[in-house]
Amino acid sequence: MRKSLLIATFLISISSFAQKDCEYSSNVKDSLGTYRSTIDYVMHEKVFGNSQTSIFFSLINADGMPSLNMQMIQKSADFIPAKCLDKSSKIYIQLQNGKIITLIGLDQDTCGNAVRNNNENCRILGAYFLFLKDTMEELKKSPISIFRIKFAGESIDYIAKESLVSEVDKKTYFPDHFFMDYLKCIE
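Owing to the predicted nature of the structure, the values given are computational and were not obtained by experimental measurement.

Applying the stated rule across the entire model yields two disulfides. Between the sulfur of Cys 22 and that of Cys 185 lies a disulfide, 2.0 Å long from S to S. Because the sign of the S-S torsion sets the handedness, a value of about -90 degrees for the bond joining Cys 22 and Cys 185 places this disulfide among the left-handed ones. Highlighted residues: Cys 22 in the loop between helix H1 (2-18) and strand S1 (24-30) and Cys 185 in the segment after helix H3 (178-182), separated in sequence by 163 residues. Judged by its relative accessible area of 30%, Cys 22 is partly exposed. Each disulfide pairs two cysteine sulfurs, and for Cys 84 the partner residue is Cys 111, the sulfurs being separated by 1.8 Å.

Let us look at the confidence of the model for the protein. Looking at the protein, pLDDT values average 88 and 90% of them are 70 or higher. Considering only residues more than four positions removed or in separate chains, one finds that residues 1-17, a stretch of pLDDT under 50, has zero contacts.

As a further point, take the pattern of salt bridges. The tally for this structure, following the rule as stated, stands at six salt bridges. Of the charged contacts, one joins Lys 140 and Glu 137 as a salt bridge, the two residues approaching to 3.1 Å between their closest N and O atoms. Of this pair, Lys 140 and Glu 137 both sit in helix H2 (residues 135-141), three residues apart, which is roughly one turn of the helix. Arg 148 is the partner of Asp 157 in a salt bridge, and the nearest nitrogen-oxygen pair spans 2.5 Å. By relative accessible area, Asp 157 is classed as partly exposed at 44%. Residues joined in a network through salt bridges with shared partners are Lys 99, Glu 138 and Lys 141.

Glancing now at the side chain of Ser 37. Within the element layout of this structure, Ser 37 appears in strand S2 (residues 33-38). Judged by its relative accessible area of 5%, Ser 37 falls in the buried class. Discounting residues that sit within four places of it in the chain, Ser 37 has contacts with Glu 23, Tyr 24, Ser 25, Ser 26, Ser 58, Leu 59 and Ile 60.

Let us look at the packing of aromatic side chains. Tallied over the full model, the rule gives 10 aromatic pairs. With centroids separated by 5.3 Å and ring planes inclined at 40 degrees, the aromatic side chains of Tyr 41 and Phe 178 adopt a geometry described as tilted. Placement of the pair is Tyr 41 in strand S3 (residues 41-48) and Phe 178 in helix H3, with a sequence separation of 137 residues. Judged by its relative accessible area of 7%, Tyr 41 falls in the buried class. Given the relative accessible area of 1%, Phe 178 is considered buried. Look at Phe 57 and Phe 147: their rings are 5.2 Å apart centre to centre, the planes differ by 55 degrees, and that puts the pair in the tilted class. Placement of the pair is Phe 57 in strand S4 (residues 51-62) and Phe 147 in strand S10 (residues 144-150), with a sequence separation of 90 residues. Each member of the pair, Phe 57 as well as Phe 147, is classed as buried. A network of ring pairs unites the aromatic residues Tyr 41, Phe 57, Phe 131, Phe 147, Tyr 158, Tyr 173, Phe 178, Phe 179 and Tyr 182 as a single cluster.

Parameters and conventions
- Residues numbered from 1 in each chain as written.
- Predicted model: local features only at pLDDT ≥ 70, side-chain atom pairs only at ≥ 80, totals over all residues.
- Heavy atoms only, no water.
- Disulfide = S-S within 2.5 Å.
- Helix = DSSP H or I, 4+ residues; strand = E, 2+ residues; numbered from the N terminus.
- Buried < 20%, exposed > 50% of the residue type's maximum accessible area, 1.4 Å probe, protein only.
- pLDDT = per-residue confidence, 0-100.
- Contact = heavy atoms within 4.5 Å.
- Salt bridge = Lys/Arg side-chain N within 4 Å of Asp/Glu carboxyl O.
- Phe/Tyr/Trp six-rings, centres within 6.5 Å; stacked < 30°, edge-to-face > 60°.

Below is the structure:
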């Protein structure tokens, strides 16, 4: 009996430490409605030579409608060609259990903003994607293996790493568990 009690206590303590806390960049409830947004989370980062590309995801719940905010930030001393999103843009997420989840882009045409900062070119592209019915439940069950962003004119695949140590902010991220850890924050 004592051994069972110790094992149960150990398992409960492990599961409580394993759960991620919700961190919000916005959490507003007023007479106009509710808006909750998680902090930006690094899903992909590539630093090569004098160029850097980072993709961030954050989850949003605006008046009961959950969505995903995707931001791509590119920096380089060289010219950065534009990646654009249009009304047919989507994000496809392949889970490790083999299922593929589709997120639909809002009807928006954008190529982002180009900015020049201290002899460095920057391009910032952001967009919102909506979850289809019942896809959030699937995203809670299995880690991500790959996500594909369908831009206007091309699609690019990104591997969701189990662990990613950002070269920019030196923090450790777990992109493959993003939805499993943070979807609860917008429910």
